[in-house]
Amino acid sequence: MNHALNVFSKHISLQRSLYYSSTKTNRSYLLNNNILHLNNKSKWNHSIKRYSVLIDSPLTEESLDKMKDARIGAIKTDGGSNRFYQSVSIRPLIVGKEEKWVVALDERIIKTPKEKKLILPSKDLAWAIAVEWESQLSRIRPSSMPLMTLATTALDIVPEKKQMLVDSLLNHLNTDVICVRDPSPESHLIFKKQKELHDPIIKWFSETFQVPPLNINTGFLVNDQPQEIQSKMNYNFINFDDFTLAGLDGLTVSLRSTTLALAVWFGKLSSEEAVRLSMLEEDSQIDEHIMLPGYHDVNENVTQIGAASGSVFLSLIPKAKIL
């Protein structure tokens with residue numbers, strides 16, 4: 001549980017995030033008019049501990065089937081649904097020789113929109129998702145529960161469309177943001193930054209997965225990555241469990257980069273560092289011209305939240321093996 005506390009306290013902003021601002025000296029999140037500061041660890045730990053999540057008695061598959069369900073399919077995505085529960089708890093579930101976890105609302109087991117029981121692979125993930133539910137106020141805002149969203153994706157979407165998600169990861173690898181550069185004279189400063197900051201990640205990818213270097217695209221036509229790379233990554237992706245694939249897909253889409261997503265998952269980069277690298281060209285253009293309030297800052301905030309969600313999700317589940 002300490003691991004979940006340490007990881008999730010850093011990203012409690014994912015709960016009911018209304019505003020995000022960042023400077024060189026301070027980073028703050030506005031949570032329903034309560035400003036908490038990341039540089040004050042005691043405040044963050046206090047904000048986590050104030051949520052009351054119970055750990056209930058273990059379940060068997062037989063006893064799970066006898067419990068009532070908390071169906072969430074009718075919850076409005078616009079935040080218009082009232083909170084209908086008083087308490088939130090997590091319970092271990094014994095499945096054969098494995099221990100899984102479930103989340104209960106008033107002792108009713110949560111079901112996904114497709115009527116599947118929300119059976120989770122780790123206690124840490126169950127606890128974090130329970131905090132998302134407990135942190136809801138009078139209204140339920142699904143957009144403030146990114147970990148719950150990724151978990152339902154793993155259960156409802158991945159089993160039916162696994163190859164589609166694998167193809168998406170491979171497509172993002174072919175058009176990877178760190179492999180697209182403009183060598184023209186007017187872009188020489190951006191090109192220099194990309195070479196300096198992106199090349200080490202490209203080298204890391206090649207060494208980690210024991211594949212040839214990634215192709216660098218410098219024109220309008222994008223050349224696919226070598227077949228050897230695509231075949232090896234396809235083999236790995238298709239063998240990932242559904243939760244890993246859901247988290248990695250969410251992280252990849254946010255960063256527009258399979259390579260950066262993998263670097264975050266492996267701990268080579270933090271999600272914040274990966275966002276900076278994925279937005280290197282945009283940031284350089286802002287430095288040269290002007291930032292448009294309400295566009296560039298909002299775009300960065302959405303990217304930060306999406307990347308942090310995928311990063312936290314992957315850190316709270318068992319690590320998949322690389323083949």
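Residues numbered from 1 in each chain as written. Predicted model: local features only at pLDDT ≥ 70, side-chain atom pairs only at ≥ 80, totals over all residues. Heavy atoms only, no water.

Q: What am I meant to see in unusual backbone geometry here?
A: Generally, phi is negative for residues other than glycine and the peptide bonds are trans, each holding for most cases. In this model, Glu107 sits at a positive phi of 65°, which is unusual for a non-glycine residue. Summarising the element assignment, Glu107 is placed in the loop between strand 9 (98–105) and strand 10 (108–111). Here the phi dihedral of Gln210 falls at roughly 50°; this positive angle occurs in a residue that is not glycine. Mapping Gln210 onto the fold places it in the loop between helix 6 (188–209) and helix 7 (227–239). (Helix = DSSP H or I, 4+ residues; strand = E, 2+ residues; numbered from the N terminus.)

Q: Would you mind showing me how to read the pattern of salt bridges here?
A: Oppositely charged side chains are able to pair whenever their charged atoms sit close together. The final tally for this structure, using the stated rule, is 11 salt bridges. A salt bridge links Glu115 to Arg71; its shortest N-O distance comes to 2.8 Å. Taken together, the residues span a long stretch of sequence, with Glu115 in the loop between strand 10 and strand 11 (119–120) and Arg71 in strand 6 (residues 69–71) at a distance of 44 residues. Given the relative accessible area of 37%, Glu115 is considered partly exposed. Notably, a salt bridge pairs Glu115 with Lys111, separated by 4.0 Å at the nearest N-O pair. When salt bridges that share partners are traced, they join Asp69, Arg71, Lys111 and Glu115 into one network. (Salt bridge = Lys/Arg side-chain N within 4 Å of Asp/Glu carboxyl O. Buried < 20%, exposed > 50% of the residue type's maximum accessible area, 1.4 Å probe, protein only.)

Q: Explain the nonpolar core to me, please; I cannot follow it from the model alone.
A: If you look at soluble globular proteins, the nonpolar side chains tend to sit buried side by side. Counting 73 residues, the largest nonpolar core has Val103, Ile129, Trp133 and Phe205 as its most contacted members. Take this core: its biggest share by element is 12 residues, from helix 5 (residues 146–174). The contacts of Ile129, once residues within four sequence positions are left out, are Val103, Leu118, Leu120, Leu147, Met148 and Ala151. (Core = buried A, V, L, I, M, F, W, Y, C linked by side-chain atoms within 4.5 Å. Contact = heavy atoms within 4.5 Å.)

Q: Hey, could you run me through the confidence of the model for the protein in this one?
A: As a general rule, the predicted coordinates of low-pLDDT regions are not to be interpreted in detail. Confidence in the prediction for the protein averages 82 pLDDT; 79% of positions are at 70 or higher. Between residues 1–8, whose pLDDT stays under 50, and residues either more than four places distant or in other chains, the model counts 26 contacts. The low-confidence segment residues 11–48 (pLDDT under 50) makes 80 contacts with residues lying over four places distant or belonging to another chain. (pLDDT = per-residue confidence, 0-100.)

Q: Would you explain helix 6 in this entry?
A: Residues separated by three or four positions in an α-helix point in the same direction, a consequence of the helix having 3.6 residues per turn. Compared with an ideal rise of 1.5 Å per residue, which puts 22 residues at 32 Å, helix 6 spans 31 Å between its outermost C-alpha atoms and is within 8% of the ideal. His198 marks the point of greatest bend in helix 6, at about 35°, and the proline Pro200 comes within the next four residues. Among all positions in helix 6, only Ile190, Gln194, His198, Ile201, Ile202, Trp204, Phe205, Ser206 and Phe209 are buried. Downstream of helix 6 by one or two residues, Gln210 has phi in the positive range, about 50°. (Expected span 1.5 Å × (residues − 1). Bend = angle between axes of the 7 residues up to and from the residue.)

Q: Honestly, the environment of Gly79 in this entry has me stumped. Any pointers?
A: One can find Gly79 in the loop between strand 6 and strand 7 (81–82). When the C-alpha positions of Gly79 and Arg141 are compared, they lie 4.3 Å apart, and in sequence the two are 62 residues distant. Those residues in contact with Gly79, other than ones at most four positions away along the chain, are Arg139, Ile140, Arg141 and Pro142.

Q: Help me understand helix 4 (residues 123–134), please; the structure alone is not making it clear to me.
A: With 12 residues, helix 4 extends 16 Å from end C-alpha to end C-alpha; this agrees with the ideal 16 Å at 1.5 Å per step. Where burial is concerned, most of helix 4 is hidden: 11 out of the 12 residues are buried. When helix 4 is considered as a whole, its buried residues turn out to be Asp124, Leu125, Ala126, Trp127, Ala128, Ile129, Ala130, Val131, Glu132, Trp133 and Glu134.

Q: Can you help me understand the packing of helix 6 against helix 9 (residues 258–265) in this one?
A: Axes are the key here: two packed helices are described by the angle between their axes and the distance separating the axes. Following both chains from N to C, one finds helix 6 and helix 9 inclined at 70°, their axes separated by 10 Å at the closest point. Between helix 6 and helix 9, the angle is such that the two are roughly perpendicular. By crossing handedness, the relation of helix 6 to helix 9 is classed as left-handed. Listed contacts from helix 9 to Ile201, Trp204, Phe205 and Phe209 of helix 6 are Thr259, Leu260, Leu262 and Ala263. Of the residues belonging to the contact of helix 6 with helix 9, the class tally is 7 nonpolar, 1 polar and no charged. (Axes fitted to C-alpha atoms, helices over the stretch in contact; angles between N-to-C directions. Parallel < 35°, antiparallel > 145°, perpendicular 65-115°, else oblique. Left-handed = near helix turned anticlockwise from the far one by under 90°. Nonpolar A, V, L, I, M, F, W, Y, C, P; charged D, E, K, R; others polar.)

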